[in-house]
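Listed below, chain by chain, are the residues.
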Amino acid sequence: MTPREILSAGAVIPVIAIDNINTAVDLAHALVEGGIPTLEITLRTEHGLEAIRRISCEVPQAIVGAGTVINENQLKAVADAGAAFAISPGFNIRFAKSASRINLPIIPGVATAGELMLALEYGIDTLKLFPAEAIGGKDLLKSLNGPFPQVKFCPTGGINLQSAPDYLKLPNVLCVGGSWLAPKVEVAAQNCTAITKL
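Fair warning: this is a prediction, and the values are worked out from it, not measured in the lab.

Trainee: Can you walk me through the sheet that holds strand 7 (residues 126-129) in this structure?
Mentor: Two modes of strand pairing occur in sheets, parallel and antiparallel, and in both the strands are linked by backbone hydrogen bonds. Strand order across the open sheet formed by three strands is 6-7-8, with parallel pairing between neighbours. Strands at the two margins of the open sheet, each flanked by one partner only, are strand 6 (109-110) and strand 8 (152-155). Relative to strand 7, strand 6 is paired through two bridges, and the arrangement is parallel. Following the sheet pairing, Val110 is matched in strand 7 by Leu129. Here helix 7 (residues 137-145) sits on the sheet and contacts strand 7 and strand 8; the angle it forms with strand 7, its principal contact strand, is near 150°.

And the structure:
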């Protein structure tokens with residue numbers, strides 16, 4: 001799948017930090033059952049890689065990727081774990097060169113027009129806007145759409161259930177990222193019914 005196909009598979013990508021590896025597969029099933037096929041498992045916990053490995057094997061209908069990927073070693077590790085894509089919080093030349101050596105769709109994070117232009121130089125036109133709310137959110141996306149109409153985004157950072165619909169109305173937004181679909185309390189309690197309902 002291309003980055004654009006990955007981001008177009010659903011309106012929301014849950015940003016998931018796995019604290020207990022035994023919750024990973026059930027959580028993935030609950031989200032997919034609720035209509036959320038694309039899952040971002042962050043590398044912010046020690047269980048990230050193993051969660052990607054298990055979900056990619058046991059929940060084949062999920063499009064499971066890695067988040068918080070910041071260097072070439074992590075890119076290789078998530079590809080080996082079976083990730084379908086990698087999302088980074090930022091973007092620079094070194095990361096771009098590393099990504100070009102690894103056969104894995106990447107969705108880099110950008111916060112400025114300059115970073116966006118750098119991504120375009122490397123043929124990347126599908127991006128994460130991060131941290132969305134802190135850097136201008138919807139107004140920034142509207143401003144970027146003028147000079148960069150070919151670029152599509154997954155804004156992430158500070159977005160919630162209430163603000164998501166306004167982002168999704170923008171012509172350059174494919175989906176939004178957020179953690180509200182996998183609340184830590186419900187995940188810890190393994191309350192899959194509540195997560196599916198969310």
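Trainee: Sorry, what's going on with the nonpolar core here?
Mentor: The tendency in soluble globular proteins is for nonpolar side chains to be buried as a group. Judged by nonpolar contacts, the single largest core of 60 residues is most densely connected at Ile52, Ile55, Val78 and Phe153. Top element by residues in this core is helix 2 (residues 24-33). It accounts for seven residues. Leaving out residues up to four positions away in the same chain, Val78 has contacts with Leu43, Leu49, Ile52, Ala66, Val69, Ala83, Ala86 and Leu104. In this structure, Ile6, Ile87, Ile107 and Cys175 belong to the second largest nonpolar core, which totals nine residues.

Trainee: What is the right way to read the pattern of salt bridges from this model?
Mentor: Side-chain pairs of opposite charge can arise whenever the charged atoms involved come near each other. According to the stated counting rule, one finds seven salt bridges in the structure shown. Residue Arg101 is joined to Glu72 by a salt bridge in which the shortest nitrogen-to-oxygen separation is 2.8 Å. In this pair, Arg101 is assigned in the loop between helix 5 (93-100) and strand 5 (106-107) and Glu72 in helix 4 (residues 72-81), connecting sequence segments 29 residues apart. Measuring nitrogen to oxygen at the nearest pair gives 3.7 Å for the salt bridge that ties Asp166 to Lys169. Judged by relative accessible area, Asp166 falls into the partly exposed class, the value being 36%. Through salt bridges with shared partners, a single ionic network connects Glu50, Arg53 and Arg54.

Trainee: Quick question: what am I supposed to make of the packing of aromatic side chains here?
Mentor: The geometry of an aromatic ring pair comes down to the distance between the two centres and the angle between the two planes. Inspection of every chain in the model, using the stated rule, returns one aromatic pair. The interplanar angle of 80° and the centroid separation of 6.5 Å between the aromatic rings of Phe91 and Tyr122 together place this pair among those described as edge-to-face. Of this pair, Phe91 sits in the loop between strand 4 (86-87) and helix 5 while Tyr122 sits in the loop between helix 6 (113-121) and strand 7; the two residues are 31 residues apart in sequence, bridging distant segments of the chain. For Phe91, a relative accessible area of 8% puts it in the buried group. Lying across the ring of Phe130, Lys128 places its NZ or CZ 4.6 Å from the centre.

Conventions we followed
- Residues numbered from 1 in each chain as written.
- Predicted model: local features only at pLDDT ≥ 70, side-chain atom pairs only at ≥ 80, totals over all residues.
- Heavy atoms only, no water.
- Pairing = 2+ DSSP bridges.
- Helix = DSSP H or I, 4+ residues; strand = E, 2+ residues; numbered from the N terminus.
- Contact = heavy atoms within 4.5 Å.
- Axes fitted to C-alpha atoms, helices over the stretch in contact; angles between N-to-C directions.
- Core = buried A, V, L, I, M, F, W, Y, C linked by side-chain atoms within 4.5 Å.
- Buried < 20%, exposed > 50% of the residue type's maximum accessible area, 1.4 Å probe, protein only.
- Salt bridge = Lys/Arg side-chain N within 4 Å of Asp/Glu carboxyl O.
- Phe/Tyr/Trp six-rings, centres within 6.5 Å; stacked < 30°, edge-to-face > 60°.
- Lys NZ or Arg CZ within 6 Å of the ring centre and 35° of its normal.

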